Amino acid sequence: MLDIAVMYHYVRSQDWKGIVPLEPEIFEKQIDILSKSYEIVSPEVLNKPKGLKPRCVLTFDDGTKDQYTNAFQIMKRKGVPGYFTAMSGPLVDKVIPIFNLVHIVLSLHPDEEIWEELKTTYDVAGVPQLSGIYHYEKDIFRRYNKYALNFFLSQEQTRSFLQEKALKLYGTSENLINQYYVNKSEFLDMKSQGMTIGVHCGHHIPYSGDANKFYEMEIEPCGRFLSNELHITPEWYTPAFGGGEHYKAMFRELEPILRERGYKAGFATTPGKNDGLSHFWLNRYDCIHLPPFGSIED
Ligand SMILES: [Zn+2]
């Protein structure tokens, strides 16, 4: 009788182009379906002996506002707990991670318009030839935009291009951060309703290969936000991008550092089942592979 964990990102209506969030109605349906076979629990319960059913932890990455306004409200109404994570970069340092800026800008502007603007702003003539890795993107302009923003331009160029466009919509980065991310008082509200809050990251950087430095740069600042602002002892960790391409090294090298600091488990992006807290890194199924779309036995 094995446990599972489910990974959620955006839980909001599909009013975004290109980015595929999970509709709140589907989320609610998944809770009903999961509840038939699993006991939906907070991560702490994984430490306890099993009851009649295997356990399921609902986990949320990135701390975006929709998780508070949609997912949390549904869970509160249904009386099920869950595990949410914070990103301290936007909340503490007022820096918006580039991957969120890409989501915001590409979902609000037609790709052709963005591409035209990139062409007049930077020398991106080499992009069409190089953009083959995004062949799965049907829209040719989206392909060019993603390659230009994620690989071709420098971080500074990408940030200034995207931030200017995002701020046309939100006015100031403070407004954007307030509207886009779960804030301190909302986290405290979730905590008071029995939700578990853990560490996602500082600035959403994939694992660097230097465990001590990575802990210091990406984990400790977020842990400090939890303890100082939310009065929560950080015990649960969800790595950005599941660790990225060096996730296996991350599993090995970061586990002793996290255990020493009192962390009980890390939620990875590898699919599969779990047996309580018998392993530090817990597998997770992406919600899109769950009924009513798919099956976790896949
Ligand atoms: Zn993330």
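Residues numbered from 1 in each chain as written. Predicted model: local features only at pLDDT ≥ 70, side-chain atom pairs only at ≥ 80, totals over all residues. Heavy atoms only, no water.

Peer 1: Explanation requested: the domain arrangement of the protein chain in the structure shown.
Peer 2: Where the parts come together, the accessible area they lose is often given as the size of the interface. Each domain of the protein chain was delimited in the assignment, giving domain 1 (4-94 + 183-289) and domain 2 (98-175). Each of domain 1 and domain 2 has a C-alpha centre, and the two are 28 Å apart. The interface of domain 1 with domain 2 comprises 8 residues on the first partner and 9 residues on the second. Of the roughly 790 Å² buried at the junction of domain 1 and domain 2 (both faces included), carbon and sulfur atoms supply 63%. Linking domain 1 with domain 2 are 0 salt bridges. At the junction of domain 1 with domain 2, the criterion picks out 2 residue pairs in polar contact (both at pLDDT 80 or more). (Domains from an automatic or database assignment. Contact = heavy atoms within 4.5 Å. Buried area = accessible area lost by both parts, 1.4 Å probe. Salt bridge = Lys/Arg side-chain N within 4 Å of Asp/Glu carboxyl O. Polar contact = N/O pair within 3.5 Å; in protein donor to acceptor, adjacent residues only side chain to side chain.)

Peer 1: What's the story with the coordination of the zinc ion in this structure? I'm lost.
Peer 2: Protein coordination at the zinc ion comes from Asp62 (OD), His200 (NE2) and His204 (NE2), with a distance range of 2.0 to 2.2 Å. Positions of the donor residues of the zinc ion along the chain correspond to the pattern D-x137-H-x3-H. Linking aspartate 62 in the loop between strand 3 (55-60) and helix 2 (65-78) with histidine 200 in strand 5 (residues 196-201), this pair joins segments that are 138 residues apart in sequence. Both residues of the pair, aspartate 62 and histidine 200, belong to the buried class. (Donors = N, O, S within 2.8 Å, 3.2 Å for Na, K, Ca; no water. Helix = DSSP H or I, 4+ residues; strand = E, 2+ residues; numbered from the N terminus. Buried < 20%, exposed > 50% of the residue type's maximum accessible area, 1.4 Å probe, protein only.)

Peer 1: What's the story with the nonpolar core in this structure? I'm lost.
Peer 2: The tendency in soluble globular proteins is for nonpolar side chains to be buried as a group. Within the largest apolar cluster, 87 residues are counted, with the highest numbers of intra-cluster contacts made by Tyr8, Phe27, Leu34, Leu58, Met75 and Leu254. Residue-level mapping places this core at the junction of two domains, with at least three residues from each of domain 1 (4-94 + 183-289) and domain 2 (98-175). Residues contacting leucine 34, with those up to four places away along its chain left out, are Ile4, Val6, Tyr8, Ile40, Cys56, Leu58 and Leu290. The next biggest cluster of nonpolar side chains, apart from the first, holds 10 residues, and it includes Val41, Trp236, Phe267 and Leu282. (Core = buried A, V, L, I, M, F, W, Y, C linked by side-chain atoms within 4.5 Å.)

Peer 1: Can you help me understand helix 9 (residues 173-180) in this one?
Peer 2: Given 3.6 residues per turn, any residue in an α-helix points the same way as the ones three and four places further on. Looking at helix 9, one finds that the buried residues are Leu176, Ile177 and Tyr180. All buried residues of helix 9 fall inside an arc of 95° around its axis, so they share one side. Taken together, the buried residues of helix 9 touch helix 2, helix 3 (88-93), helix 4 (98-108) and helix 8 (155-170). (Arc of directions from axis to C-beta.)

Peer 1: Looking at this structure, I do not really get the environment of asparagine 150. What am I missing?
Peer 2: Along the polypeptide, asparagine 150 turns up in helix 7 (residues 140-152). When its relative accessible area of 37% is taken as the criterion, asparagine 150 is described as partly exposed. In contact with asparagine 150, other than residues within four places in its own chain, are Val102 and Tyr134. Side-chain polar atoms of asparagine 150 contact the side chain of tyrosine 134, separated by 3.2 Å.

Peer 1: Looking at this model, I keep getting lost on the pairing of strand 3. Mind explaining?
Peer 2: On any regular strand, side chains alternate: one points to one face of the sheet, the next to the other face. Most of strand 3 sits out of view: 6 of its 6 residues are buried. Burial of the side chains of strand 3 extends over both faces: Arg55, Val57 and Thr59 are buried on one face and Cys56, Leu58 and Phe60 on the other. As paired elements, strand 3 and strand 4 (residues 83-87) share 2 bridges and run parallel to each other. Across the sheet, phenylalanine 60 pairs through a bridge with phenylalanine 84, a residue of strand 4. (Pairing = 2+ DSSP bridges.)

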